[in-house]
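# Report on the structure
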Amino acid sequence: MTDTTPSSFTTHGLHTSAAAQARMRRRYAAERRFRLYGIAAIVAALGVLAVLLFTIVSQGYTAFVNTEIELEVYVDPADFSFEGTTPTSEEIGAGNYRNLLSSALQENLPDADAPGAARDLRGILSGQAYRQLRETLLADPSLIGQRVSMSFLASSDIDQAFKGNTPRDVPEERRRVSNLQYEWMDYLENQGQISTSFNSNLFTQADSRQPEQAGLWGAIVGSFYLMLVVAVLSIPLGVGAAIYLEEFAPKNRLTSFIEININNLAAVPSIIFGLLGLAVFIQVFGLPRSAPLVGGLALTLMTLPTIIIAARASLRSIPPSIREAAYGLGASKMQMVFHHVLPLALPGILTGSIIGLAQALGETAPLLMIGMNAFITSAPDSMFSPSTALPSQIYIWADSSERGFVERTSAGIMVLLGFLILMNATAIFLRKRFEKRW
Amino acid sequence: MNYETKTAEKLMAAENIGETKMQARDVRVSYGDTEALHGVNLDVRHNEVLALIGPSGCGKSTFLRCLNRMNDTIDICRISGEITLDGQNIYDRSIDPVQLRARVGMVFQKPNPFPKSIFDNVAYGPRIHGFTRDKEELRQIVETSLRRAGLWKEVHDRLDEPGTGLSGGQQQRLCIARAIAVNPEVILMDEPCSALDPIATALIEELIDEIKQSYTIVIVTHNMQQAARVSRRTAFFHLGNLVEVGETEQIFTNPGDQRTQDYITGRFG
């Protein structure tokens, strides 16, 4: 044996010589270098993320407030046509609110009767202002003939100018807000009649052509219906398929072929699933276009492979000792799986499922294919009514050129990110809650 | 027939030591293309402790796992030959491996309690086999099993704590209690003390000594002193063959085969 041993092996100080010290130093240097690369990678990733978040937040935070103008309106009975002594709601509804509000503006603003000012005057308030006044009067008809002080929603142009999103120091013909409107804005500001407040439209209204009236509610409801369809279909199907494939299916050519195809499906571009949804669910089965049901079905197809793969990995990670213990006591295969393996794998399965759902929540391409990017001004009232979803609403707004939609695009992204963070936090919570110590 | 009378009957049957409980004839096992056992003939007698010894990879664990068809759960494993339990071939089509494993229980090398409470660990077997009528009966079985496994005193006031929180030795005794709770006829033990310290090992050995009156026990061990201490008969396996089997005292003092002699004197293995 000794004759084959290299000579260095027998010398003393093999691990203490200067050469050995140098080897140790090189080993530690390599370790330090590797750690440095890791830190650099993390810092770079965090930096990019910070830039992204900063851009979104700095562009979008102003969308959470709206500009309102406080006006005193004289509700002139001359603008209504009353026949009886008590005004009916139809008569109140048919009043000339345009005239009421422009008279109020003329009263409140200086130089409002200057030649050519009428057009500038019309651009001050949002179309919603008429509805605001009408609803107030419908609620309390006794205000007719009185002077009413109310906050009215400003138009998007005024809103953007007041929030400082559009530059003032460009020639007038290249601005959407005229010099006269700016003068009025400054006047109202000095009087304390113009201010910003929380933009409730963003969370209560559906899409609109007018940015100041557009909101995400329709998209949130649409996304909720989508998630409902995806969760109800893909979690039971996916987990069931995973349990069968992992625990019960015989290991043969057919099952390995299925396994390969599931892995491949997870990598198929999502727009293909959209095309499939269009061709199968809409063309063949005749389901309605733009409906959350169809979108949910397409997203279910997309989410299934993710859930199956995550659930299988989770089932596979349960140690064989637990399976043997159950078998050793005379448990059948099904008892072994459902009493021991599945409960232990559940945290992992739940996490995988929620991550899959979160992925589906943020998916846009399949929704474009089945028409969930339509312009829809009311929230859907069922799974069959046309709707948008959060990502497709962001897509629609990103396509609009008005400055008001630019900030709402970023606000929509923030809301979507908020929902995603919520879902991922739920996944982490569930995992921590149900995880069993060994 | 309830649990208590069954156990009592078993205790009476303890007098029948010497009758064949399980019989293996020409048992061959192969994993894929490699044969691990080359035709083993071995009898397990009623209410005896039979020790299987031999160097690593000799096939003793493989043989043990054939006795309750645990090898069925391994896809590539092929078994031929005949193993009988009370004269009935356990590899016969009419035998349900699930039912067989209730009659031939098993304790594994590494303590593997379920990540459930101590009570639920022991109660699991009776529950799935459904031989308790009410909660009180189940509680009694759990208590009896834990008492027999010598664990009752240590855990009686914390039955709802997780079984995985016990020490290694306690976990292994919990696994034995869990196996006893099903009231099997034969208990297979696959190196039950190899992961335990000497004190825990001594406790398990005492336990085996006590329960051998009611159960037929087959134990695989690497520890020859253990085999000498707990078993009545010892079988020596080498390279997939059963080399010799006999009274433990005879195997350790006067082995019939040179290989046995070499192994027990520490020349290999």
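Rules of the game
- Residues numbered from 1 in each chain as written.
- Chains lettered and ligands numbered in written order.
- Predicted model: local features only at pLDDT ≥ 70, side-chain atom pairs only at ≥ 80, totals over all residues.
- Heavy atoms only, no water.
- Helix = DSSP H or I, 4+ residues; strand = E, 2+ residues; numbered from the N terminus.
- Rg over C-alpha atoms; globule rule 2.2 N^0.38 Å.
- Buried < 20%, exposed > 50% of the residue type's maximum accessible area, 1.4 Å probe, protein only.
- Contact = heavy atoms within 4.5 Å.
- Areas by Shrake-Rupley, 256 points an atom, 1.4 Å probe, with all protein chains shown as cover.
- Lys, Arg positive; Asp, Glu negative; His and termini not counted.
- Charge placed at Lys NZ, Arg CZ, Asp CG, Glu CD.
- Pairing = 2+ DSSP bridges.
- Buried area = accessible area lost by both parts, 1.4 Å probe.
- Salt bridge = Lys/Arg side-chain N within 4 Å of Asp/Glu carboxyl O.
- Polar contact = N/O pair within 3.5 Å; in protein donor to acceptor, adjacent residues only side chain to side chain.
- pLDDT = per-residue confidence, 0-100.
- Patch = residues over 30% accessible without salt bridge, like charges linked within 9 Å, V, L, I, M, F, W, Y side chains within 5 Å.
- Axes fitted to C-alpha atoms, helices over the stretch in contact; angles between N-to-C directions.
- Domains from an automatic or database assignment.
- Nonpolar A, V, L, I, M, F, W, Y, C, P; charged D, E, K, R; others polar.

### Digging into the overall build of chain A
When its secondary structure is counted, chain A shows 18 helices and 3 strands. Against the 2.2 N^0.38 benchmark of 22 Å for 438 residues, chain A shows a C-alpha radius of gyration of 32 Å, more extended than a compact globule. With the principal axes as the frame, chain A shows a C-alpha extent of 115 × 65 × 40 Å. The buried share of chain A, reckoned over its 438 residues, is 42%. Long-range contacts, defined as pairs at least 24 residues apart, comprise 76% of the intrachain contacts of chain A with a sequence gap of at least 6. About 23,300 Å² of surface is accessible on chain A, with carbon and sulfur atoms providing 61% of the total. Both charge centroids of chain A, one from 33 positive and one from 36 negative side chains, sit 22 Å from each other.

### Focus: the sheet that holds strand β5 (residues 88-89) of chain B
Pairing is antiparallel across the open sheet formed by 4 strands, whose spatial order is β2-β1-β4-β5 (chain B). Both outer strands of the open sheet, β2 (34-45) and β5 of chain B, are each paired with one neighbouring strand and no more.

### Regarding the interface of chain B and chain A
Taken together, the contact pairs 23 residues of chain B with 19 residues of chain A. By the criterion of area lost to chain A, the three top residues of chain B are Phe114(B), Pro115(B) and Tyr124(B), representing 29% of everything that side buries. Between the two partners, chain B and chain A, sit 1 salt bridge. One salt bridge connects Arg65(B) with Glu324(A), and the closest N-O pair in it is separated by 2.8 Å. Scanning the region where chain B abuts chain A turns up 5 residue pairs in polar contact (both at pLDDT 80 or more). For the side of chain B that touches chain A, the secondary-structure elements that each account for two or more residues are α3 (97-103), β6 (104-107), α4 (118-129) and α7 (168-181) of chain B.

### Description of the confidence of the model for chain A
If pLDDT is low for a region, its predicted coordinates should not be looked at in detail. Looking at chain A as a whole, the pLDDT averages 90, with 97% of positions reaching at least 70. When mean pLDDT is compared element by element in chain A, helix α2 (residues 18-60) of chain A scores highest at 95, while helix α1 (residues 7-10) of chain A scores lowest at 60.

### Here's the deal with the side chain of Asn165(A)
Residue and element names in this part refer to chain A. With respect to the helices and strands, Asn165 occurs in the loop between α7 (156-162) and α8 (179-191). A polar side-chain atom of Asn165 sits 3.4 Å from a polar atom in the side chain of Thr62. Non-local contacts of Asn165, meaning those with residues more than four positions away in its chain, are made with Thr62, Gln160, Arg403 and Glu407.

### Quick word on a nonpolar patch on the surface
Residues and elements named next belong to chain A. Taken together, Ile42, Leu46, Leu49, Leu52, Leu53, Leu417 and Ile421 make up a surface patch of nonpolar side chains, about 640 Å² in accessible area. Top element by residues in the nonpolar patch is α2. It accounts for 5 residues. In this fold, Leu417 is placed in helix α18 (residues 403-434). By relative accessible area, which is 31% here, Leu417 ends up partly exposed.

### Details of the sheet that holds strand β3 (residues 194-198) of chain A
Residue and element names in this part refer to chain A. Overall, antiparallel pairing links the 3 strands, which are arranged β2-β1-β3 in an open sheet. The sheet terminates laterally at β2 (147-153) and β3, the two strands that pair on one side only. Shown here is a sheet whose adjacent strand axes are inclined to one another by a mean of 35°, direction ignored. One ladder, built from 7 bridges, connects strand β1 (residues 65-74) with β2; its direction is antiparallel. Bridge assignment links Glu68 to a residue of β2, and that residue is Leu153. Against the sheet, helix α4 (residues 97-108) touches β1 and β2, its axis set at about 90° to β1.

### Some details on the domain arrangement of chain A
All names here are of chain A. You can read the domains of chain A as domain 1 (65-198) and domain 2 (217-434). Relative to domain 2, the C-alpha centre of domain 1 lies at a distance of 47 Å. Taken together, the contact pairs 7 residues of domain 1 with 4 residues of domain 2. Taken together, domain 1 and domain 2 are joined by 1 salt bridge. One salt bridge in this structure joins Glu407 and Lys163, with 3.0 Å as the shortest N-O distance. Inspection of the domain 1/domain 2 interface yields 3 residue pairs in polar contact (both at pLDDT 80 or more). It is α7 that contributes the most residues to the side of domain 1 that touches domain 2, 3 residues altogether. Residue composition of the side of domain 1 that touches domain 2, by class: no nonpolar, 5 polar and 2 charged.

### Some remarks on the pattern of salt bridges
All names here are of chain A. Going through the model one piece at a time under the given rule, you end up with 31 salt bridges over all chains. Arg316 is the salt-bridge partner of Glu246, the closest N and O atoms lying 3.1 Å from each other. Of this pair, Glu246 sits in helix α10 (residues 217-248) while Arg316 sits in helix α13 (residues 292-316); the two residues are 70 residues apart in sequence, bridging distant segments of the chain. By relative accessible area, which is 15% here, Glu246 ends up buried.

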